[in-house]
Amino acid sequence: MLIETFVLTPFQQNTRVVSCEKTRKAICIDPGEKSDELVEFINGNDLDLQAIILTHGHLDHIGGTGDLSRSFPDAEILLHEEEMYLYDALPQQPLFMGIQPDQMRAMGMEYEPAPRPTRFLTHGEVLRVGNLKFEVRHCPGHTRGHIMLVAKDERAVFTGDCLFSGTIGRTDLPGGDFDQLIDSIRANVLSLGDDFTVYCGHGPETTIGRERTSNPFLAGTHEKRSGNPF
Ligand SMILES: [Fe+2]
């Protein structure tokens, strides 16, 4: 498994291209914004982009979906159905966050409506990308329809904005629920092995073992409150 990370948007979101070394088949997880570098990487490495997979519908994770889909029209667009309340609201999302229309242009946040998803992801389904397998896990709490991808054979989990190194996702935006997020992480992440690498939606990678023992939200040493600004 090859992983290339592009840090995009003013929110420093980790857009990733994950590919099978042998077959060159690939997915893009969370294209945060239009990026020529991203398109050139996929073309330049002769990758066959099978799907654009969205962990959730926040603008910094889906803002580049339309552009990437135009460059790779055969790639599926996949997300969880319960995330459509955010996905369909992409053009309005900056307003929800208090960003005024005149600021949107300056910040590159004037969005066209996101393209129709090809189909919806369901908890437990397994996506095959060449020789790679990704299990979909529905993990509500940061948003209603957030999903994670677990690559068991590769000992890797892509956690989007559920879990970060040393913290967890914020739960004060529409659809957020702190208790639900903790439950989601315990059921879907901590149930995996400590040696799994955690690829987060923002910030550095970590491991499940490190988060299990030192993440204050998971070790039960932190007060109940929102995690961080993402
Ligand atoms: Fe988010």
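Just above sits the structure.
So, how was this worked out
- Residues numbered from 1 in each chain as written.
- Predicted model: local features only at pLDDT ≥ 70, side-chain atom pairs only at ≥ 80, totals over all residues.
- Heavy atoms only, no water.
- Helix = DSSP H or I, 4+ residues; strand = E, 2+ residues; numbered from the N terminus.
- Contact = heavy atoms within 4.5 Å.
- Phe/Tyr/Trp six-rings, centres within 6.5 Å; stacked < 30°, edge-to-face > 60°.
- Buried < 20%, exposed > 50% of the residue type's maximum accessible area, 1.4 Å probe, protein only.
- Lys NZ or Arg CZ within 6 Å of the ring centre and 35° of its normal.

Student: I would appreciate a short explanation of the environment of Met107 in the present structure.
Tutor: By the secondary structure assignment, Met107 is in the loop between helix 6 (101-106) and strand 6 (119-121). For the pair formed by Met107 and Pro10, sequence separation is 97 residues and the distance between their alpha carbons is 7.5 Å. Once you skip the residues sitting within four places of it in the chain, Met107 turns out to touch Pro10 and Ile99.

Student: So what exactly am I meant to see when it comes to the packing of aromatic side chains here?
Tutor: Between two aromatic rings, the relevant description is the distance of the centres plus the angle of the planes. Counted by the stated rule, this structure contains four aromatic pairs. With centroids separated by 5.5 Å and ring planes inclined at 70°, the aromatic side chains of Phe6 and Phe41 adopt a geometry described as edge-to-face. Residue Phe6 is found in strand 1 (residues 2-8), and its partner Phe41 is found in helix 1 (residues 36-44); the two are separated by 35 residues along the sequence. Taking 5.0 Å as the distance between ring centres and 20° as the angle between the ring planes, the aromatic pair formed by Phe158 and Tyr199 counts as stacked. Linking Phe158 in strand 10 (residues 156-160) with Tyr199 in strand 13 (residues 197-200), this pair joins segments that are 41 residues apart in sequence. In terms of burial, Phe158 and Tyr199 fall into one category: buried. Three or more aromatic residues joined by ring pairs form one cluster here, namely Phe134, Phe158 and Tyr199. The residue whose ring lies beneath Arg144 is Tyr85, and the NZ or CZ to ring-centre distance is 4.0 Å.

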